[in-house]
Amino acid sequence: MHIERPRDLAEALAGFDSHPRATPLAGGTDLMVEVNLSHLRPETVVALRRVSELQTWDDRFVGAGVTYARLQAGPFPALAELARTVGSPQIRAAGTLGGNLGTASPAGDALPFLAALDAEVVVASHGGERTLRWDAFLVGPKRTALRPGELIVGVRLPDHIPARQAFGKVGVRQAMVIATVNCCVVRDEEGATRVAMGAVGPTVLRARAAEQLVSSTSRPSPSMLEEFQRLVSDEVVPITDHRATERYRRHAAGVLARRTLERCLAP
Ligand SMILES: Cc1cc2nc3c(=O)[nH]c(=O)nc-3n(C[C@H](O)[C@H](O)[C@H](O)COP(=O)(O)OP(=O)(O)OC[C@H]3O[C@@H](n4cnc5c(N)ncnc54)[C@H](O)[C@@H]3O)c2cc1C
């Protein structure tokens, strides 16, 4: 395996000129599992850890190379919360936001946060930069809109980020587990609420009818919360797999979304 070790974005993109089929490598916590299981044999790998532009982080932009260990200590409560649930300290030290997007697992824990905020994914190639909203970037299970020779540079967040935000995850145990269902809820001062659900569809999805219901009031009543839970359960499109049945996931999605919303509503 040939390994390129660029130090900046221009060098990293140039790596694709000489090796058009090169595979980007960030923390390797997904990629190296595939290599170790012999599912993947990349001829050339572009190792991104030294690429300074991907490490950038300000209040509206998170670089693709930012690790969960760094996100844990960041200013966004739901992002910090989800980062704390990922893998183990070793995985959090190596695994990155860009890698979670690159893998595009329906259960990726960072993805509901990005969907709830309508974040944009910034990608670059030698030809220039383009920006795709999360739902244009994540096009299917483990499928993205990334073109050959493109790298994820980072994620652009909206100008207004609601202070009330929470992340929830259901798995077979508390740690070192891929989500059976995950969820992010954000709610602004006017009550406008966004609900993103993961592991219950081909990609992360928004529960739009449930959002609409609770966005119309400053204090949802108990019966409205019941209805919210029912709507979320109706809107998700889970499958049965080795982790859970379709029926369990549908039920868990409603309960998890409601509990996560209740945390956002707490005084
Ligand atoms: C033990 C263990 C526990 C885990 N627990 C969780 C968990 O709780 N929640 C969770 O969501 N995930 C979990 N994962 C999966 C993994 O840690 C995450 O998906 C992580 O975000 C991957 O990031 P990475 O930097 O390691 O990506 P890598 O493995 O380096 O790359 C993943 C994919 O993204 C591509 N890629 C990486 N960076 C870029 C870029 N800048 N531009 C274009 N493509 C890029 C790579 O080519 C590859 O296809 C776990 C993995 C392990 C091994």
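Structure shown above.
Residues numbered from 1 in each chain as written. Predicted model: local features only at pLDDT ≥ 70, side-chain atom pairs only at ≥ 80, totals over all residues. Heavy atoms only, no water.

Asker: How should the pattern of salt bridges be read in this particular structure?
Answerer: Tallied over the entire structure, the rule returns 15 salt bridges. Linking Glu227 and Arg230 is a salt bridge whose minimum nitrogen-to-oxygen distance equals 2.8 Å. Highlighted residues: Glu227 and Arg230, both in helix 10 (residues 222-235), separated by three residues, approximately one helical turn. With a shortest N-O distance of 3.1 Å, Asp241 and Arg249 are connected by a salt bridge. When its relative accessible area of 28% is taken as the criterion, Asp241 is described as partly exposed. For Arg249, a relative accessible area of 2% puts it in the buried group. Connected via shared salt-bridge partners are Asp118, Arg133, Asp135, Arg194, Arg206 and Glu211. (Salt bridge = Lys/Arg side-chain N within 4 Å of Asp/Glu carboxyl O. Helix = DSSP H or I, 4+ residues; strand = E, 2+ residues; numbered from the N terminus. Buried < 20%, exposed > 50% of the residue type's maximum accessible area, 1.4 Å probe, protein only.)

Asker: Could you clarify how one ought to interpret the sheet that holds strand 12 (residues 181-187) in this entry?
Answerer: Hydrogen bonding along the main chain pairs the strands of a sheet, whether they run parallel or antiparallel. Strand order in the open sheet made by the four strands is 11-12-13-14, with antiparallel pairing throughout. Of all strands in the sheet, those bounded by a partner on one side alone are strand 11 (164-170) and strand 14 (205-206). Relative to strand 14, strand 13 (residues 193-198) is paired through two bridges, and the arrangement is antiparallel. The residue of strand 14 that forms the bridge with Met197 is Leu205. (Pairing = 2+ DSSP bridges.)

Asker: When you look at the site of the ligand in this model, what are you seeing that I'm missing?
Answerer: As a matter of local geometry, the ligand sits amid 33 residues, with Pro24, Thr29, Asp30, Tyr68 and Thr96 nearest to it. Gly87 places a main-chain nitrogen or oxygen 3.2 Å from an oxygen atom of the ligand. In the model, an oxygen atom of the ligand is placed 2.9 Å from a nitrogen or oxygen of the Asn100 side chain. In isolation the ligand has 990 Å² of accessible area, and contact with the protein removes 88% of it. Sorting elements by how many residues they give to the shell around the ligand places helix 6 (residues 97-103) first, with four residues. Of the residues assigned to the shell around the ligand, the class counts are 17 nonpolar, 13 polar and three charged. (Near = heavy atom within 4 Å. Polar contact = N/O pair within 3.5 Å; in protein donor to acceptor, adjacent residues only side chain to side chain. Areas by Shrake-Rupley, 256 points an atom, 1.4 Å probe, with all protein chains shown as cover. Nonpolar A, V, L, I, M, F, W, Y, C, P; charged D, E, K, R; others polar.)

Asker: Sorry, what's going on with unusual backbone geometry here?
Answerer: Excluding glycine, a negative phi dihedral is what most residues carry, and trans is how most peptide bonds are arranged. Phi at Ala104 takes a positive value of approximately 55 degrees, unusual for a residue other than glycine. For Ala104, the location among the structural elements is in the loop between helix 6 and helix 7 (111-116). For Ala104, a relative accessible area of 3% gives the class buried.

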